[in-house]
Amino acid sequence: MTDLRTPLEIDTRLAILSMDARETSARINGTINTAHRATGDRGTQVRKGMVWKTTDVEAIEACRKLADGGEYVPGGYYPVKVMAEYDRLVASLATIHAEADTLEAIYANNPWTRFFLVTSSDGHIHRDMHCSTCNFRTTYTWQPELSGKTEAEAVTKLGPLLCTVCYSHAPVEHTRGRDKPAGCSG
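Criteria and cut-off values
Residues numbered from 1 in each chain as written. Predicted model: local features only at pLDDT ≥ 70, side-chain atom pairs only at ≥ 80, totals over all residues. Heavy atoms only, no water. Helix = DSSP H or I, 4+ residues; strand = E, 2+ residues; numbered from the N terminus. Buried < 20%, exposed > 50% of the residue type's maximum accessible area, 1.4 Å probe, protein only. Contact = heavy atoms within 4.5 Å. Areas by Shrake-Rupley, 256 points an atom, 1.4 Å probe, with all protein chains shown as cover. Lys, Arg positive; Asp, Glu negative; His and termini not counted. Salt bridge = Lys/Arg side-chain N within 4 Å of Asp/Glu carboxyl O. Polar contact = N/O pair within 3.5 Å; in protein donor to acceptor, adjacent residues only side chain to side chain.

1. Quick notes on the overall build of the protein
A tally of helices and strands in the protein yields four helices and five strands. Counting helices and strands in the order they occur from the N terminus, the protein gives α-β-β-α-α-β-β-β-α. Counting across all 186 residues of the protein, residues that qualify as buried make up 35%. For the protein, the proportion of contacts with a sequence separation of at least 24, taken over those separated by at least 6, is 54%. A total of about 11,500 Å² of accessible surface is found on the protein, and carbon and sulfur atoms cover 55% of it.

2. Brief notes about the side chain of aspartate 41
With respect to the element layout, aspartate 41 can be found in the loop between helix H1 (7-38) and strand E1 (44-46). Summary of buried charges: aspartate 41 has no salt-bridge partner, and the nearest side chain of opposite charge, lysine 53, is 5.4 Å away. Within polar-contact distance, the side chain of aspartate 41 engages the backbone nitrogen of lysine 53 at 3.1 Å. Only 2.8 Å separates the side chain of aspartate 41 from the side chain of threonine 54, close enough to count as a polar contact. Not counting residues up to four positions away in its chain, the partners in contact with aspartate 41 are His36, Trp52, Lys53 and Thr54.

3. Quick word on the side chain of threonine 24
With respect to the helices and strands, the residue threonine 24 is situated in helix H1. When near neighbours in sequence (up to four residues on either side) are disregarded, threonine 24 contacts Leu89, Ser92, Leu93 and Ile96.

4. Thoughts on the pattern of salt bridges
Taken as a whole, this structure holds seven salt bridges when the rule is applied. Where glutamate 85 meets arginine 88, a salt bridge forms, and the shortest distance between an N and an O atom there is 3.0 Å. In this pair, glutamate 85 and arginine 88 both sit in helix H3 (residues 79-109), three residues apart, roughly one turn of the helix. The exposure class assigned to arginine 88 is partly exposed, which follows from its relative accessible area of 42%. Notably, a salt bridge pairs glutamate 151 with arginine 127, separated by 3.8 Å at the nearest N-O pair. On the criterion of sequence distance, the pair formed by glutamate 151 in helix H4 (residues 151-158) and arginine 127 in the loop between strand E4 (125-126) and strand E5 (140-142) is long-range, its members being 24 residues apart. Of the residues examined, glutamate 151 reaches a relative accessible area of 17% and is grouped as buried. Judged by relative accessible area, arginine 127 falls into the partly exposed class, the value being 32%. Linked through salt bridges whose partners overlap, the residues forming this network are Asp11, Glu104 and Arg114.

So far we have only geometry, and geometry alone does not tell us how the molecule works.
Next up, the structure:
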């Protein structure tokens, strides 16, 4: 995608690649869970997922060995299909990352302003997805339509919600997040 030239074009493509990477990673995790089940690992259901008796690497290796036999495994699993899907998804994720790395290299050579809206809390705006005020649960959405724009243009579009760590000169009122309704309107 070397035909992308502007910050808007590059960051729009990176936003799409970011979503594709999240979706592909989730599908890889699902395929790994299927590999666990296909190899007889029943695991234990916990609040947000499964705790398996074997590691993911062990499950993939065991499933790959079963796939070499090419046979159906009781429980409705075809290890050959499981491993083919796993390999396809891993290759797809590698392709996504390679394209994103190429575009990030263009940005690194001539950086422009970027704006990321936090979607997991009050909707404030960060310069990147590595702010010290964020953690592993913080989720973002790219705002590529603002890439290369000034902070003032971002405030006009998204409201006065700039993170004061990312934007040290942002007025304090910019940190209050989105206004929440006082009560139920209905």
